[in-house]
Amino acid sequence: MYEAQIPKFFDHHNHPSYYLLMASFPTLEHTYASMEARQVFGSLKAEGLNVVTGWHSNRYAITNEELADYPPLLVINFCLHGFRFNAEAARMLAEAGVVLDNSDARHMENIMPEILSFVGSSRPLPAAEKVLPVMRQRWERQGLYGMADMLSLYPDFDSGSFPIERWEYPLSRENWKPSPGTIGLKLFNDGALGARTAAVSAGFRGYGDPVLIYSDEQLEERMRFCFGLLPKLAMHTIGDLAVGQALRVYEKLKPQLEAEGLKPQLRLEHCQFITLEQAQAAKKLGIVLSMQPNFSEDSTNYYDRLGSNLGSVNNPLRMVIDQAGFVPGGDLLFGSDGMPAGVVSALQSALFPPYEGQRLTVEELQAGYKADAAHGTVKVRIDEAGKKVEPAE
């Protein structure tokens, strides 16, 4: 066991405006059975749309039918993908032009950003003068000096002295433009493991519906639109099918955009099931990979749907670095998605992952997070024998 002083991190993939909003809603984060969830639902107000967050679908199931007797209710999965709702909630969202249809997984993934944007726009930023300082202090205690907001919900979100890069989803509204200060746009190519909708070619154990949100033609159109507004584009690509589609379309589109005088910069987010061939192709195309070391834990957390075959190829960080040649801090960036954020959890996942192919050195982790002691340090205790990382103070 030894102690180490770690420079603070910049988290390249997080959702601070979303978490700030969700701080005002009831959460199922600490419930482990449907009976406990029903106790939360039973305490909801009768009027208006109720939103409950933090549901872990790997712990217990929730069906729309089970929500029928409660007030208007929308339940959001912990992974932000996958919703449950009752008829009254569906009616309220439909009046705002957001149609919910759980029978169509592709449709639900396609409108996921629209749902979150509606929730954000339907209520003001909650008590920012009280909540934001508390959250900023939490981020700093976790060892962060800044982060990227990968689905910005509030154009006027001011984090004060804590720098936040804002990325926006291009909403399907006429004449939509990014807000001032937005540095890049974000598209979603597939779903998520939590919702069993990530576009993994091997499929899932039990049940699931791997989803590609766009056809190649639709994706090309969306990418062209985004690059016409801003040079930076991030694309949510968890499954190998989603990564492959992004590479295929970008390889075709990139020379066309460059011929038009544009300078496209593409980032692929997550890439949990990227193959060696895909990683090599991404490297050749000059694409940046933005990955989450803490998602190595999905190999065990989602064993119910991945099994050992998929779990062992999840988050292939060593392959990406050693074989494809990506450089942490250069064309390979690290973030947390807020699940969870911070130096301690990042070190835990990097040093003691479920599989060797997910392991990172402390130096690689710091480089990928662009650690900078100029912003301060945090002291951690690393127990190699017990495979545990803890705060040292």
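Before reading further, recall that the structure is shown in the block above.
Everything quoted here is computed from the prediction, not taken from an experiment.

Cut-offs used in this document
- Residues numbered from 1 in each chain as written.
- Predicted model: local features only at pLDDT ≥ 70, side-chain atom pairs only at ≥ 80, totals over all residues.
- Heavy atoms only, no water.
- 1 Å grid on protein atoms, 1.4 Å probe; cavity = no way out; pocket = protein on both sides within 12 Å on 5 of 7 lines; lining within 4 Å.
- Points joined across faces, edges and corners; volume = space filled by probe spheres on them.
- Helix = DSSP H or I, 4+ residues; strand = E, 2+ residues; numbered from the N terminus.
- Nonpolar A, V, L, I, M, F, W, Y, C, P; charged D, E, K, R; others polar.
- Buried < 20%, exposed > 50% of the residue type's maximum accessible area, 1.4 Å probe, protein only.
- Lys, Arg positive; Asp, Glu negative; His and termini not counted.
- Salt bridge = Lys/Arg side-chain N within 4 Å of Asp/Glu carboxyl O.
- Contact = heavy atoms within 4.5 Å.
- Core = buried A, V, L, I, M, F, W, Y, C linked by side-chain atoms within 4.5 Å.
- Phe/Tyr/Trp six-rings, centres within 6.5 Å; stacked < 30°, edge-to-face > 60°.
- Lys NZ or Arg CZ within 6 Å of the ring centre and 35° of its normal.
- Axes fitted to C-alpha atoms, helices over the stretch in contact; angles between N-to-C directions.
- Parallel < 35°, antiparallel > 145°, perpendicular 65-115°, else oblique.
- Left-handed = near helix turned anticlockwise from the far one by under 90°.

Here we look at the layout of surface pockets
Each pocket or cavity is described by its volume, and for the second largest pocket that value is around 460 Å³. The leading source of residues in the lining of the second largest pocket is helix H4 (residues 105–110), at three residues. Considered class by class, the residues forming the lining of the second largest pocket number nine nonpolar, 10 polar and five charged.

Section: the side chain of Lys186
Here Lys186 shows up in strand S7 (residues 182–188). Buried charged residue Lys186 carries no salt bridge. Nearest counter-charge: Glu269, at 6.1 Å. Ignoring anything within four residues of it in the chain, the contact list for Lys186 reads His13, His15, Met150, Glu168, Tyr169, Pro170, Leu233, Ala234, His236 and Glu269.

Considerations on the nonpolar core
One finds Leu100, Met223, Leu268 and Leu289 to be the most contacted residues of the largest nonpolar core, which totals 96 residues. Of all the elements, helix H8 (residues 240–259) adds the most residues to this core, at seven residues. Discounting chain neighbours no more than four positions away, the residues touching Leu100 are Leu74, Phe85, Ala90, Leu93, His107, Met108, Ile111 and Ile115. Listed in part, the 13 residues of the second largest apolar core include Ala37, Leu67, Tyr70 and Leu73.

Observations concerning the environment of Val389
Here Val389 shows up in strand S13 (residues 388–391). Taking the relative accessible area as the measure of exposure, Val389 reaches 4% and is therefore buried. Once you skip the residues sitting within four places of it in the chain, Val389 turns out to touch Val344, Leu347, Gln348, Leu351, Phe352, Val380, Arg381 and Ile382.

Brief notes about the packing of aromatic side chains
Considering all chains together, one arrives at eight aromatic pairs under this definition. Plain terms: the ring middles of Tyr18 and Tyr19 are 5.4 Å apart, the flat faces sit at 70 degrees to each other, and that makes the pair edge-to-face. The exposure class of Tyr18 is buried, given its relative accessible area of 4%. With relative accessibility at 22%, the residue Tyr19 sits in the partly exposed group. Members of the aromatic cluster, each reached through a chain of ring pairs, are Phe9, Phe334 and Tyr369. The cationic tip of Arg59 hangs over the ring face of Tyr32; the distance from NZ or CZ to the ring centre is 3.9 Å. The ring of Tyr207 has Arg196 lying over it, and the distance from NZ or CZ to the ring centre is 4.0 Å.

Thoughts on the packing of helix H7 (residues 216–229) against H8
The description of two helices packed together rests on the angle between their axes and the distance between the axes. In the contact formed by H7 and H8, the axes pass within 10 Å of each other and the chain directions differ by 50 degrees. One way to sum up the angle between H7 and H8 is to call them oblique. For H7 against H8, the interelement crossing comes out right-handed. Judged by residue contacts, Asp216, Leu219, Glu220, Met223, Arg224 and Phe227 of H7 engage Gln245, Ala246, Arg248, Val249, Tyr250, Lys252, Leu253, Gln256 and Leu257 from H8.

Overview of the environment of Leu310
Topologically, Leu310 is positioned in helix H11 (residues 303–311). Residue class for Leu310 comes out buried when judged on its relative accessible area of 10%. Once the C-alpha coordinates of Leu310 and Ala46 are considered, the two residues, 264 residues apart in sequence, prove to be 43 Å apart. Non-local contacts of Leu310, meaning those with residues more than four positions away in its chain, are made with Val200, Ala202, Gly203 and Phe273.

The analysis is restricted to geometry; functional conclusions fall outside its scope.
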